[in-house]
Amino acid sequence: MGSHASRSRPLAAGKSGPLQGRVRVPGDKSISHRSLMLGALALGETTIEGLLEAEDVLNTAAAMRALGATVVKGADGVWRVNGLGVGGLLEPTGVIDFGNAGTGVRLTMGLVAAQPIAVTFTGDASLVKRPMGRVLNPLRDMGVEVIARSGDRLPLTMRGAATPVPVTYRVPMASAQVKSAVLLAGLGTPGVTTVVEPVFTRDHTERMLAGFGAAIDIATDAAGVRTIRLEGRPELKPQAVTVPSDPSSAAFPIVAATVVPGSDIIVEGVLMNPARIGLIETLLEMGASIEVVAERETGGERLADLRVRHAELKGVDVPAVRAPSMIDEYPILAVAAAVAEGETRMNGLEEMRVKESDRLSAVANGLKVNGVDCSEGHDWLVVRGGPVPGGGLVTTHLDHRIAMSFLILGFVANTAVAVDDAAMIATSFPTFENLMTGLGAAFQEPEHRAA
Ligand code: S3P
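Quick caveat, the model's predicted, so the values are computed rather than measured.

*Asks:* Just checking my understanding: could you explain the overall build of the protein chain for this structure?
*Replies:* Assigned secondary structure in the protein chain consists of 12 helices and 26 strands. Computed over its C-alpha atoms, the radius of gyration of the protein chain comes to 21 Å, within 12% of the 22 Å expected for a compact globule of 451 residues. Overall size of the protein chain, expressed as C-alpha extent along the three principal axes, is 65 × 45 × 40 Å. For the protein chain, the exposed surface amounts to about 15,800 Å²; the carbon and sulfur share of it is 51%. In the protein chain, the 41 positive side-chain charges and the 49 negative ones have mean positions that sit 1 Å from each other.

*Asks:* Would you mind showing me how to read the domain arrangement of the protein chain here?
*Replies:* Interfaces are often described in size by the accessible area the parts lose on coming together. The domains assigned to the protein chain are domain 1 (5–27 + 245–444) and domain 2 (29–242). Its C-alpha centre places domain 1 at a distance of 28 Å from the equivalent point of domain 2. Taken over both partners, the interface formed by domain 1 and domain 2 buries close to 2,100 Å², and the fraction arising from carbon and sulfur atoms is 49%. On inspection of domain 1 and its partner domain 2, the count reaches four salt bridges. Here domain 1 is connected to domain 2 by 13 residue pairs in polar contact (both at pLDDT 80 or more).

*Asks:* Teacher, can you tell me more about the sheet that holds strand β19 (residues 343–346) here?
*Replies:* Adjacent strands of a sheet form backbone hydrogen bonds with each other and so pair up, either parallel or antiparallel. If you walk across this open sheet you meet the four strands as β18-β19-β21-β20, and the pairing is mixed. Strand pairing shows two members of the sheet lacking a second neighbour, β18 (317–318) and β20 (373–376), which therefore form its edges. In this sheet, strand β21 (residues 381–384) lies alongside β20 in antiparallel orientation, the contact comprising four bridges. Its bridge partner lying in β21, cysteine 374 is registered against valine 383. Strand contacts of helix α10 (residues 359–369): β20 and β21, with the helix running at about 155° to β20, the strand carrying the most contacts.

*Asks:* Help me out: how do you make sense of the packing of helix α9 (residues 330–339) against α10 in this one?
*Replies:* To describe two helices that pack against each other, one gives the angle between their axes and the distance between the axes. Two numbers describe how α9 lies on α10: the axes approach to 10 Å, and their chain directions differ by 30°. The pairing of α9 with α10 is recorded here as roughly parallel in orientation. α9 and α10 meet at a crossing whose hand is right-handed. Every residue of α10 that contacts α9 at Pro331, Ala334 and Ala338 is listed here: Arg359, Val363 and Leu367. Its residues assigned to classes, the contact of α9 with α10 comprises five nonpolar, no polar and one charged.

*Asks:* Explain the site of the ligand here, please?
*Replies:* Taken together, the neighbourhood of the ligand is formed by Ser30, Arg34, Thr103, Ala174, Ser175, Ala176, Gln177, Arg202, Ile327, Asp328 and Lys355. Within the side chain of serine 175, one N or O atom sits 2.8 Å away from an oxygen atom of the ligand. Backbone polar atom of glutamine 177 to an oxygen atom of the ligand: 2.8 Å apart, as the coordinates give it. Protein burial of the ligand: of its 380 Å² of free accessible surface, 94% is covered by the chains.

*Asks:* Is there a simple way to explain the nonpolar core in this structure?
*Replies:* A general trend in soluble globular proteins is that nonpolar side chains are found buried together. Counting 78 residues, the largest nonpolar core has Leu283, Tyr330, Leu333, Met346, Leu381, Phe432 and Met436 as its most contacted members. With residues up to four places along the chain from it excluded, the contact list for leucine 381 reads Ala334, Thr344, Arg345, Met346, Leu349, Leu360, Val363, Ala364, Cys374, Ser375 and Glu376. Counting 67 residues, the second-largest nonpolar core is a separate cluster that includes Leu89, Leu111, Val119 and Val241.

*Asks:* Even after reading the chapter, I still don't get the pairing of strand β15 (residues 264–271), so can you show me in this structure?
*Replies:* Each regular strand displays side chains that alternate between the two surfaces of the sheet. A large share of β15 lies buried, amounting to seven of its eight residues. Sheet analysis places β15 next to strand β17 (residues 301–309), joined by six bridges and oriented antiparallel. Bridged to valine 267 within β17 is leucine 306.

*Asks:* Just checking my understanding: could you explain the pattern of salt bridges for this structure?
*Replies:* Charged atoms that come close allow side chains of opposite charge to pair. Under the definition given, this model contains 36 salt bridges. One connected set of salt bridges, linked through shared partners, spans Arg130, Arg202, Asp328, Glu356, Arg359, Asp399 and Arg401.

*Asks:* How should helix α11 (residues 400–410) be read in this particular structure?
*Replies:* For the α-helix, the turn length of 3.6 residues means that residues three or four positions removed from each other point alike. When you tally the buried positions in α11, you get 11 out of 11 residues, the bulk of the element. Turning to α11, its buried residues are His400, Arg401, Ile402, Ala403, Met404, Ser405, Phe406, Leu407, Ile408, Leu409 and Gly410. Between the side-chain oxygen of the N-cap and the backbone nitrogen of arginine 401 there are 3.0 Å, and the N-cap of α11 in question is aspartate 399.

Reading guide: rules and limits
Here, residues in each chain are numbered from 1, in the same order as that chain's written sequence. In view of the model being predicted, local features appear only for residues whose pLDDT reaches at least 70, and side-chain atom pairs are presented and counted only at 80 or more, with totals across whole chains, interfaces and linings using the full set of residues. Only hydrogens and water are set aside when side-chain values are computed; all heavy atoms of the structure are taken into account. Under the scheme used here, helices are H or I runs from DSSP no shorter than 4 residues and strands are E runs no shorter than 2 residues, and both carry numbers assigned from the N terminus. Just to be clear, the radius of gyration here is over C-alpha atoms, and the globule rule we use is 2.2 Å times residues to the power 0.38. Only the protein chains shown count as covering a residue, and every accessible area follows the Shrake-Rupley method with a 1.4 Å probe. When charges are counted, Lys and Arg contribute as positive and Asp and Glu as negative, whereas His and the chain ends are disregarded. Note that the charge is assigned to NZ on lysines, CZ on arginines, CG on aspartates and CD on glutamates. Domain delimitation follows an automatic or database domain assignment. Accessible area that two parts lose when put together, evaluated with a 1.4 Å probe and summed over both, is termed the buried area. Salt bridge, as used here: a side-chain nitrogen of Lys or Arg that lies within 4 Å of a carboxyl oxygen of Asp or Glu. Counting of polar contacts relies on pairs of N or O atoms within 3.5 Å, with two restrictions inside protein: one atom must be capable of donating a hydrogen and the other of accepting it, and residues adjacent in sequence are counted only when both atoms are side-chain atoms. Only when DSSP finds a minimum of two bridges between them are two strands counted as paired. In this description, contact between two residues means that some pair of their heavy atoms is separated by no more than 4.5 Å. In this analysis, axes come from line fits to C-alpha atoms, helices being fitted only over the stretch in contact, and the angle between any two N-to-C directions falls in the range 0 to 180 degrees. Orientation categories follow fixed angle ranges, with anything under 35 degrees roughly parallel, anything over 145 roughly antiparallel, 65 to 115 roughly perpendicular, and all other angles oblique. The sense of a crossing depends on the near helix, which, turned anticlockwise from the far helix by less than a right angle, makes the crossing left-handed and, turned clockwise, makes it right-handed. Here the nonpolar group is Ala, Val, Leu, Ile, Met, Phe, Trp, Tyr, Cys and Pro; Asp, Glu, Lys and Arg are the charged ones; every other residue, Gly included, is treated as polar. Proximity is defined per residue: any heavy atom of the residue falling within 4 Å of a molecule or strand makes that residue near it. Residue types Ala, Val, Leu, Ile, Met, Phe, Trp, Tyr and Cys, when buried and joined through side-chain atoms within 4.5 Å, form a set referred to as a nonpolar core. Burial classes: relative accessible area under 20% of the type maximum marks a residue as buried, over 50% as exposed, and values in between as partly exposed (1.4 Å probe, protein chains only).

Next up, the structure:
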């Protein structure tokens, strides 16, 4: 359990021939974390098919074990979680290290908040810099005690509430993690916990809570403000979960095929939850060729096979209201914008600054060192597209999405693009390099890129 390999692994990518083939990206990270957590709280055996077997999620699996649940992978590839019931988690004997995983640690804080157990959390060099107060503050209102470094950073110890108090909490930023932490704390709290969400963010927690049998009620007013009411202390029923492919991982082959001339690929079984498809909407507005070739529903979620062909793109204005539905996709959108004709303006990006890295600055710097013209503001980015000179070395700051995005920039650059560390890709998309290679792309050792 814990942090990824400490040695960094530089990698580069140069101009690519056409990408062709049919691929399936791994399971959705958000749903994978949540299925392990709700499985740990259900009484009996939850099965999970298609779990994302990446470092972030494996850290959550280890955390659920540390809290007393049984989590095993069967020879059939299906994961089985034997849960302890709401309120049944045990005090871990050691520190829980979540590595790079913000979702893992923040949601687990909610999970343990309504039980009188002490839990010490830590993470890697990226996670210890990220703000935890956004989750700890509402949990403190519910009765949690925290001993933390100043600024509420990891490592920290939480003691859950012996007599948790239900709250009504208005989420002050567009964050599904904050919403989810309060709801998970509400599970163990008697009475009704209410979360008011002014800006709609991914709703996997709400959908899965309902699926596991919790009494949850959601009302949306005329202004789009959602009021979510959860009845505490339900008996959760174990489920058979099938995890759809992660749209945030599918984003990489989708953009790669869009920008590399001659490409024609199919990406299978992509989760098309409305709170997750902002990138696809934006690419279509830019002139991308993305066709839904098959559609189906599973476990209350819409899935699609997408055919993506190369297309000439033009710059667009991406409205701030779309940011929550594509918050993890701006780095790869910036790559599409780098080859588009004209300017792409992205707005409402303040949350990008508190991801695995300050992603707004990492993207702008990565574009600049590769000769792409862009300007960055506190919460916006403008990219002026054209031929991409490339040749730069991108600093990834322990951020998997920065690494994958700039390797794809290399596919369309005149000179190869290098990233200082591709090791972090294993946190969310361990098959990325194989999958892209299978489509016809090539990666290279950075030392060789000048040859
Ligand atoms: C996630 C929510 C988002 C997202 C993250 C996964 C989740 O974070 O960036 O990758 O699974 O709830 P925020 O809630 O901080 O926006």
